[in-house]
Every structure is written in structure tokens, then in C-alpha cells.
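Survey of secondary and tertiary structure
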Amino acid sequence: MSFTKTVSSNSIKKLFSEKWQLAMFLIIPIMIGGLFSLITDSKGQAKPVGVLLITDHDKSFLSQLLIGGFNQGPMSEMFISKSVDSQEAKLLMDEAKASVWLEIDKGFAQNFLDEKPTTIKLVKNPSQNILPQIAETAVDVMADGGHYIQLLFAEELKQFNDLLSGKNVSDIQMASMSVQIKHTIDNLEDQLFPPQIKAVKQKAETKKSTGKSFMLLMFPGILFMSLLFSSQGMALEFWKDKSQGITTRLLSSPSGLTQYLNGKIMAGIFVYILIAIVIGIMGLLMLKLSLNKIIIIIIWLMLSGLVLFSLMLLICLLMPTEKSASVVTSAMVFPMMMLGGSFFPFEAMPVWMAGIGQYLPNGYMLQKFNLWFIDDGLLNVLITPAIIATVFFGILWFINKSLLAKFARA
Amino acid sequence: MIEINNLTKTFGNLTAVDTINLKAKSGEIFGLLGPNGAGKSTTINCISGLVSPTEGSININGFNASSQSVKAKQSLGLVPQELALYEDLSAHENLVFWGSAYQLSGNILEHRIQQVLTDVGLESRQKEPVKQFSGGMKRRLNFACAILHEPAALLLDEPTVGVDPQSREHLLQAIIKLKEAGTAVIYTTHYMEEAERLCDKLAIIDQGKIIASGTVDDLRAQVGEKDLITLKGHFSQLDNKTVLESLEIEILDIDENEMRLLINDASTRLTQVLDVINNIYGKVSQVTIQQANLESLFIKLTGRALRDAS
């Protein structure tokens, strides 16, 4: 057995003897990815949901119309409406168990129809920002809308209110009301639909929405998180070997440190393939990925893993002690994960943050990976792996030529 | 054979090894004796390639350590002072690792592994993880890793430090066996008794320089047949040495609390010596008599005891 193979098999044996370390490479990324997926809805879109308390003293057609605005469309996905009396509403707001309290006074509809000032009371939970603000904006929009409707259809609304209030309205009156509304709209057609504004349908050239689930978006991030953890762990192994006198003694052997380094790289390739297979099988089962994708994932991760390994090794070898190597690489790993798309997909980041993250080594590789994996774009079969391989061999050449012997002697 | 010519190693302003010459032939154990920090380990590190010499040349089994480093290293075994073992792996796995590093493989490797495990008495423990071994067992395994490839030359850097008597005996027997098989051995230690027992030739090294060398008998002859007497007490009039010299007592070292003397036939002349010392220098509280040995020579050459010198 050649020395390279021996180093490789020893490293793998050691890895399997430290099962918790191996588990850490896989479990933590999967756990984080799983948790992030769980906090999103089934469509993969994370949306805030709050409680809207409604106290309707008026109980009129118009007050119901206003409340209905919160129970329809996107607003209904953001708010869970709850009808309560004033006392209960105050209690719930005091206990911060609701986002907003909307109170409609008695006489609201009548005042509105009589063109008299009327009040809608909106109480916001000060401990929340987004949802109360959305509710306030919605009420403002409704108030503005109500004003214009009143200007245009005041008479018709009165008649409609009478109809709902139980007053008798004849068929003729009903037909007249409908005709009147139509005439009003016809008269306003020029203002509402001015001919000088011509709608031109044009397909916007914005980045198309992926429409993919959050789990699918997280999947590549989980893979790269695993790579970062395992690369750091394997790079730190050099310090463990040094502390056990192995690397120093190797200086006196004919095989030397180059074969030792090659053996460690082989062990790294094994670990990356293992990670890709384990997480790939999860993808196969949970995301229904095709087998072809799994094979490309394995190759891609192997290359990306080796670049991250050589970077981590470079840092480790430059550090004066094992502890400093551990601290510095840990300090690198977490921001790299955060910015590089492993905790949050680039799509969910602010633009400036994604801009930084996409130029970090892991972020760059992840971004290229996503082009193929998520967007179903063409795999940059030649260019990106060639860049990755060049970076890897460059760093490795420097390590072998200039750093490893110094590290072993120090 | 190991041959070193004018070896010098400096670290900044410090000269750790200063123009050392030595030669260990096949079937010979060459001892490097000296206190900690004398330059023994630096010499070993230069020979084994762990550090590069500043000046001088090193030949191992006929190969130049600089220009033919791979062949030189293949001919050399190193037992470093610090253990170099994977604690998580078994003894057998460690031996496979180091055997592969010296390009052994297959049946030859397995055969050699079983042989060296027998030599160091660990054959029954070979499957156990090293972390379960005692310190002495680890030392024995550390030694076994160095002799797997049957090196023509072997460097042992204080291999018995902190070793229990049983393990020490295993190691010493194995070293003698290697010597008888024709291996050239360089052995560093600060244990006099080990050096006297094992070494065919010795060099006493202090502050990077060889201050005496030769066979054990040659070196003993420099001390003569005199015994070493160490006296402890409270002494004064330390400048008055004429009386002792008139009695043919050689003063090696003297201060207010301790006196080291070389004297012929100490056991019969002890009463006379003590009377003189009590009269001139003060009261003696403790007396130790040792036969002439390398420790006496080291004290004679440096004015310090080996174990004090570090």
C-alpha cells in the first residue's frame, strides 16, 4: 500500500472513530436547513401573520364592507380577524396578543352617507412594526377610496343602504339605481380610461421568479454548509497531527510531506463524496431530484469542497497555534455561511449582502451551482470547474512548496 | 555508518551546534552525552533532516543527507524524543503508517510489523488503540516504528526518558540486538549508566561543542581510578586548597554548601579526608562516594554536574 493511500485510509478511519465529528458535518447543516424550511409556509414563502381585532359598533353594510377588506386577498393571508367587544380588545392589546385593533363607531355608515365626518379608530401594537403599518396603510387606502366612491355614488349608496336596512325598494327603483351607476361610469369613462394611455403588453426582462420551494432554495446552501464544516474539520486535522508529532517526524522519512498532503486530499474527496451522497439521497427522496442531478452534485461538491479545504488549510498552516487556527477558521466559517447563501438563499438577502456573498469563495461556487441546480440553466461544464480546479491547484502548490515543511518544523 | 563533518547550526545569534565531528560505524553505538540544551537534539535533528544545518556535511550509509536526501532518509531510522504516534489508531495501524512512510508494503510490511512488535514486547497488544497504552508502551511502539524498515543507521534521542524499568529493559535489549545486527546507532542521553552500558564510543557535548570523546575506557582514563566524593555542609575558607592538594585530592568544585573531590581509594582514606575538611573548612553533614564514572569526567570538564547543568 502506498503511503498516500495509508494516510488517506488512516484519516478516514480516524473520522469514523470520531462519529460525532462526522455527524456534525451532516447533521448541523441538515438541521439548520430543516428549521428554516419549517418556518416558511407550504409554498415556501415566509409571511408574517398577525391578529386583527375588530369591534364593530355600527354593524352596517358599510362597516361590514370595510371589515371585508381585511378578510380578502393578500390581507386575509396576513391577518387573522377576530370580532371582539371593546373590553376584550383592550385586554388583548394590553397583553400584546394582537397586532391591530380596529374599532368602528356606531353611526359610521350614516355619517358617511350624509357626508359628515366619521371616525375609524385604529390601535397598533407598539411592539410590532410591519403588520400594524400594513393595517394602517390599508385603512388609509380604504378611507381615500371611500371618499371618491362617496363623491360619485352618494345617492346610489344611500339607496343601497336603504335596501339593506329593510326599507322597501321597488324593481323600478333598483333598475334605475343600476342604470344611474352605469351612466355615471360611462360619463367618467374618459377620465377613468383615457384613450391617450394605451396599454402596451411587454414581457418584462426581470429575473424570472423561480417558483421553487424554500427547501429547494435551501438545498444547495445545506450542501455548501456541510462542505465548509468538513473542510474546516479536515484542515484542523493537520494541527492535530502536528501536536502528536506526526508531521515533524515525517520530515525524516523518504515519503515526506507531499505524499502525506496527497493522502489528506484523497480523504477529503472521500468525505465530500460521502456528504454529497447522503444529502443527495435526501434530495432524491424529499425534493424528487433526478439521479442525473445527484451525480453532477457529487462531482461539483467534490471540486468545491477541495477549494474550500485548500483555503482552510492555508489559513490553518499560517496560524501560530492549534487554538488560533481553530478560532480563526471558525470566525471565517460562520460569516461565510451567512453571506455565502448557506443560511439564507441569495434571493432572500438584501441586494448589497447578496453582492458581497456571491463573491466569497463558497458564495461564488454556490451561485454557479444554483444557475444549474435551481434555474435549470446550462451547467458551465467547462469554465467554472476549470476555475475551481485552477484555484485549488494554485493554493495547493503554494502550500506544498512553501508552507507545509515550515509548519512541520515550527 | 553515520559521518558528520564540521556540523554547525545557528539560530539567530545562538550557536546550538558548533563544528561537531563524529563517526558511528556499522555495529557501533555512539553516545552523545550532555545536559539538556547542550545541543544533542539539534545534532540529531540535523542528521535526520528535521532542521537544515548552517554548515557542515552529513553522510548516512554513504549518502549525502543534502544532495541524496531520499536515499539517506531511507537508510535512517529516527526515534524522536517526543512521541510521534496516532493515539486514536491501534499499534498495528501506527506501524502500517510508518512502514508505508518508508515504502514498505504487503507481506514484507506485515512480517516486519510482527517482528518489531515481538522485539518490543507488544505483539499481544497490537490491536489496541495507542491511547490505552502506558507511557512506557508508547515509547516502545515509538521505537518500533523507527526500526520497521531495518535502517542501516538509527538515531535515538533520549528514548528512555520517563520509561518504567520493564520498558527500559525492553528498549535497551532491542538496541543491543540492532547493534549486533550491524546497525550504526547514535544514542543521546543524560543517563550515565545507560551510556556506559550501551555505548562503544561517546562524545560529551556541552554548549554545542564536543568537549571529550572516545571509548568509555578512554574517557574513564581521563578521570583515572579516582573516586568521586561529594560532601555537603557549611564550608568557609574556600580559597585554602593547598592542604587538600598536598594529600593528592583533586578539587572539582567547591562552594559554601557543597564540595566535589576526586580521590584515590576513597573508602580507606575517607576518615583522614573528613578530619582535614572538618578542621579547615567546616562541618560536613553528608558524604556520598561514587566510583569514577562519566559523571565525574563531566564535572571535571565543566565544573558542573550533568543534571545540574541544564
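Residues numbered from 1 in each chain as written. Chains lettered and ligands numbered in written order. Predicted model: local features only at pLDDT ≥ 70, side-chain atom pairs only at ≥ 80, totals over all residues. Heavy atoms only, no water.

Quick look at helix 16 (residues 361–373) of chain A now. Between its terminal C-alpha atoms helix 16 of chain A stretches 18 Å, which fits the 18 Å expected from 13 residues at 1.5 Å a residue. All buried positions along helix 16 of chain A are accounted for by Asn362, Gly363, Met365, Leu366, Phe369, Asn370, Trp372 and Phe373 of chain A. (Helix = DSSP H or I, 4+ residues; strand = E, 2+ residues; numbered from the N terminus. Expected span 1.5 Å × (residues − 1). Buried < 20%, exposed > 50% of the residue type's maximum accessible area, 1.4 Å probe, protein only.)

This next bit is on the interface of chain A and chain B. The interface is formed by 25 residues belonging to chain A together with 31 residues belonging to chain B. The largest per-residue losses of area from chain A upon contact with chain B belong to Arg249, Ser252 and Pro254 of chain A, which jointly make up 33% of the total buried on that side. Here Lys13 of chain A makes a salt bridge to Glu93 of chain B, at a shortest N to O gap of 3.5 Å. There are 12 residue pairs in polar contact (both at pLDDT 80 or more) connecting chain A and chain B. Elements supplying a minimum of two residues to the side of chain A that touches chain B: helix 1 (3–17), helix 11 (246–250) and helix 12 (256–286) of chain A. Here the side of chain A that touches chain B gets seven residues from one element, more than from any other, and that element is helix 1 of chain A. Looking at the side of chain A that touches chain B, its residues break down into eight nonpolar, 10 polar and seven charged. (Contact = heavy atoms within 4.5 Å. Buried area = accessible area lost by both parts, 1.4 Å probe. Salt bridge = Lys/Arg side-chain N within 4 Å of Asp/Glu carboxyl O. Polar contact = N/O pair within 3.5 Å; in protein donor to acceptor, adjacent residues only side chain to side chain. Nonpolar A, V, L, I, M, F, W, Y, C, P; charged D, E, K, R; others polar.)

Our next topic: the pattern of salt bridges. Residues and elements named next belong to chain B. Under the defined criterion, the tally for this structure stands at 21 salt bridges over all chains. The shortest N-O distance in the salt bridge between Lys201 and Glu28 comes to 3.9 Å. With Lys201 in strand 9 (residues 201–206) and Glu28 in the loop between strand 2 (14–24) and strand 3 (29–33), the pair connects residues that are 173 residues apart, well separated along the chain. For Lys201, a relative accessible area of 26% translates into the label partly exposed. Its salt-bridge partner being Arg197, residue Glu169 comes within 2.9 Å of it at the nearest N-O pair. One end of the pair, Glu169, is in helix 6 (residues 165–180); the other, Arg197, is in helix 7 (residues 192–198), and 28 residues separate them in sequence. Look at Arg197 and you get partly exposed, because its relative accessible area is 42%.

A few words on the packing of helix 13 (residues 291–318) of chain A against helix 16 of chain A. All names here are of chain A. Where helix 13 contacts helix 16, the axes come no closer than 10 Å and their chain directions differ by 170°. Comparing the axis directions of helix 13 and helix 16 gives the class roughly antiparallel. In contact with Lys293, Ile296, Ile297, Trp300, Ser304, Val307, Leu308 and Leu311 of helix 13, helix 16 contributes Pro361, Asn362, Met365, Lys368, Phe369, Trp372 and Phe373. Taken together, the residues of the contact of helix 13 with helix 16 sort by class into 11 nonpolar, two polar and two charged. (Axes fitted to C-alpha atoms, helices over the stretch in contact; angles between N-to-C directions. Parallel < 35°, antiparallel > 145°, perpendicular 65-115°, else oblique.)

Per-residue pLDDT for chain B has a mean of 87; in total, 97% of the residues score no lower than 70. In the predicted complex, the global pTM is 0.69; the interface-specific ipTM is 0.80. (pLDDT = per-residue confidence, 0-100.)

Residues and elements named next belong to chain B. Among the structural elements, Gly31 can be located in strand 3. Exposure remark for Gly31: the relative accessible area of 1% places this residue in the buried category. Filtering out sequence-adjacent residues up to four positions away, Gly31 remains in contact with Tyr187, Cys199, Lys201, Leu202 and Ala203.

Residue and element names in this part refer to chain B. Across the sheet, four strands lie side by side as 2-1-4-5; this open sheet has antiparallel pairing. Only two strands of the sheet have a single partner each, and these edge strands are strand 2 and strand 5 (63–64). Looking at chain direction, strand 4 (residues 55–60) and strand 5 are connected through two bridges and run antiparallel. Bridge pairing links Ile60 to Phe63 in strand 5. Against the sheet, helix 1 (residues 40–48) makes contact with strand 1 (2–11), strand 2 and strand 4, and its axis sits at roughly 115° relative to strand 1, the strand it touches most. (Pairing = 2+ DSSP bridges.)

What follows deals with the packing of helix 12 of chain A against helix 13 of chain A. All names here are of chain A. Axis separation between helix 12 and helix 13 bottoms out at 8 Å; the angle between their running directions is 140°. Here helix 12 lies oblique to helix 13, going by the angle between them. In this structure, helix 12 meets helix 13 at a crossing whose hand is right-handed. Counted together, Leu261, Lys264, Ile265, Ile269, Tyr272, Ile273, Ala276, Ile277, Gly280 and Leu284 of helix 12 and Leu291, Ile294, Ile297, Ile298, Leu301, Met302, Gly305, Leu306, Phe309 and Leu313 of helix 13 form the full contact between these two elements. Counted by class, the contact of helix 12 with helix 13 contains 17 nonpolar, two polar and one charged residues. (Left-handed = near helix turned anticlockwise from the far one by under 90°.)

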